[in-house]
Amino acid sequence: MFEHVEPFGGDPILSLNEDFQKDPRPHKINLSIGIYFDDAGAIPVLDSVRRAEAMVVARNAPKPYLPIEGAANFREQVQLLLFGAGHPALAEKRVATIQSVGSSGGLKVGADFIARWLPGSEVWVSDPSWENHRSMFEGAGLAVHSYPYYDAASGALAFDAMCDALRRIPAKSVVLVHACCHNPTGVDLTHAQWNALIPLFAERELLPYLDLAYQGFGDGIEEDAYAVRTLAAARGKDGRPMSFVVANSFSKSMSLYGERCGALSVACADAAEAVNVLGQLKFTVRRNYSSPPIHGGQIVAAVLGEAALRPLWEGELGAMRDRIRAMREALHATLLKKMPGRDFGYFLSQRGMFSYTGLDPKQVDRLREEFAVYLVRSGRLCIAGLNTGNVEATGLAMAAVLDG
């Protein structure tokens, strides 16, 4: 029956992480997988999360199936986090939100929804983008294309080329954009660029699909939601509020990777649309996994909703953000000292957990084989894998391969 099934080649990042685990060299450095590690090289357990989990467990509550759309308190807190308290989009009840199995689950539910209700629409993702974006939309039966995003020569955003490309794609196309902390490059749109891009979306009747997996890792919780809130305040070509989609995650910001806590929100033109969209999102979920799990979502709801925990979490998230910035500065200093004639300023201007190093696949292979420094072959480096004990060694190894 299954003789024709082909072997799975493996996910490139997860397979690389498995190779790292098998590497016997004691000085090995893992900068491949997208996980935040503290300065001791461990995945932190946040104090705010620890306290929230204790509160959830102390309730000794039963474990019924959640509603298809997820827990009401979780969904409410997600909307407040994304849109901000008092935002007109929330007051007008025109946002449909579901609790999803990680933001990956939300992305896939959104892809299935688009395939059903926007037939003929095709999806455009940045070049480059997170590897799984293309797979998820193609898995929903959607054609996927790319638009220019990263300028390799300057290590910056190719904004003019991006806008030129989006002006030429068909109306009703879906455009996936990272709201902040672009994965894999770390290159983000500025507020001014968002302000220029959103009218283009409206004029061309494009559907923005935001991926917000790293809120708080860029410039701050509020600052990193700029795209969401500005889109929610914008008007479309018909004068009605713009529609857009946003998938968000708490894996990184609360260090809750294995709990798979995410959400999908669809901003609609009015409350009546939002009711219908929520209903069809529920139907899409029912055909996939029926309903999300309880535990992690209730931890998130407690962290965001409890007055004693929210400030604690914001402080912890701020400390993670500051550590990432410090590692960027340390790596930049090491490289500049070793190669003073070369411009490494992009490490300081990029945001979030990732940076494009400019290394080609052969140089990445040499880093791994000679220096036990693991990067994705695209040259993406996870800044959050650096610490005070390995950042200098990483910089020296990178300088060695860059110097040929």
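Above this text sits the structure in question.
Before going into details, it helps to say that this report is about the structure given with it. (Residues numbered from 1 in each chain as written. Predicted model: local features only at pLDDT ≥ 70, side-chain atom pairs only at ≥ 80, totals over all residues. Heavy atoms only, no water.)

1. Section: the overall build of the protein
Thought 1: Of regular secondary structure, the protein possesses 15 helices and 13 strands.
Thought 2: Along the first, second and third principal axes, the C-alpha set of the protein runs to 60 × 55 × 55 Å.
Thought 3: A buried classification covers 55% of the 404 residues belonging to the protein.
Thought 4: If you take every contact in the protein between residues at least 6 apart in sequence, the share linking residues at least 24 apart comes to 75%.
Thought 5: Per element, the accessible surface of the protein, about 17,500 Å² overall, is 54% carbon and sulfur.
Thought 6: The distance from the centre of the 40 positive side-chain charges to the centre of the 45 negative ones in the protein is 3 Å. (Helix = DSSP H or I, 4+ residues; strand = E, 2+ residues; numbered from the N terminus. Buried < 20%, exposed > 50% of the residue type's maximum accessible area, 1.4 Å probe, protein only. Contact = heavy atoms within 4.5 Å. Areas by Shrake-Rupley, 256 points an atom, 1.4 Å probe, with all protein chains shown as cover. Lys, Arg positive; Asp, Glu negative; His and termini not counted. Charge placed at Lys NZ, Arg CZ, Asp CG, Glu CD.)

2. Re the packing of aromatic side chains
Thought 1: Under the counting rule described, the total for this entry stands at 10 aromatic pairs.
Thought 2: Centre to centre, the rings of Phe20 and Tyr374 are 5.2 Å apart; their planes meet at 85 degrees, and the pair counts as edge-to-face. With Phe20 in helix H1 (residues 12-22) and Tyr374 in strand S12 (residues 373-374), the pair connects residues that are 354 residues apart, well separated along the chain. Exposure class is identical for Phe20 and Tyr374. Each is buried.
Thought 3: Ring centres of Tyr214 and Phe354 lie 5.8 Å apart, and the angle between their planes is 85 degrees; this geometry places the pair in the edge-to-face category. Here Phe354 lies in strand S11 (residues 354-356) and Tyr214 lies in the loop between strand S8 (207-212) and helix H9 (226-233), a separation of 140 residues in the sequence. (Phe/Tyr/Trp six-rings, centres within 6.5 Å; stacked < 30°, edge-to-face > 60°.)

3. Digging into the nonpolar core
Thought 1: Core analysis: the largest hydrophobic core is formed by 105 residues, its most contacted members being Leu166, Phe201 and Leu210.
Thought 2: Counting residues per element, this core draws most heavily on helix H12 (residues 310-338), at 7 residues.
Thought 3: Residue contacts for Leu166: discarding those within four places in its chain leaves Tyr147, Val175, Leu197, Leu200, Phe201, Arg204 and Leu206.
Thought 4: Of all hydrophobic cores here, the second largest spans 28 residues; its members include Leu107, Val144, Val174 and Tyr209. (Core = buried A, V, L, I, M, F, W, Y, C linked by side-chain atoms within 4.5 Å.)

4. Concerning the pairing of strand S3 (residues 123-127)
Thought 1: With respect to burial, S3 is a largely interior element, 4 of its 5 residues being buried.
Thought 2: Regarding topology, helix H6 (residues 131-139) serves as the crossover connection from S3 to the parallel strand S4 (residues 144-148), and that connection is right-handed. (Right-handed = clockwise from strand over helix to strand, strands pointing away.)

5. Comments concerning helix H2 (residues 47-58)
Thought 1: The end-to-end C-alpha separation of H2 is 16 Å, in line with the 16 Å expected for 12 residues at 1.5 Å each.
Thought 2: Of all the positions in H2, only Ser48, Val49, Ala52 and Val56 are classed as buried. Each buried residue of H2 lies within a common arc of 90 degrees when the element is viewed along its axis, so the set occupies one face. Residues Val57 and Ala58 are exposed on H2 and point more than 90 degrees away from its buried face.
Thought 3: Buried-residue contacts for H2 involve helix H11 (295-305) and H12.
Thought 4: In the segment just after H2, Asn60 is the residue with positive phi, at about 50 degrees. (Expected span 1.5 Å × (residues − 1). Arc of directions from axis to C-beta.)

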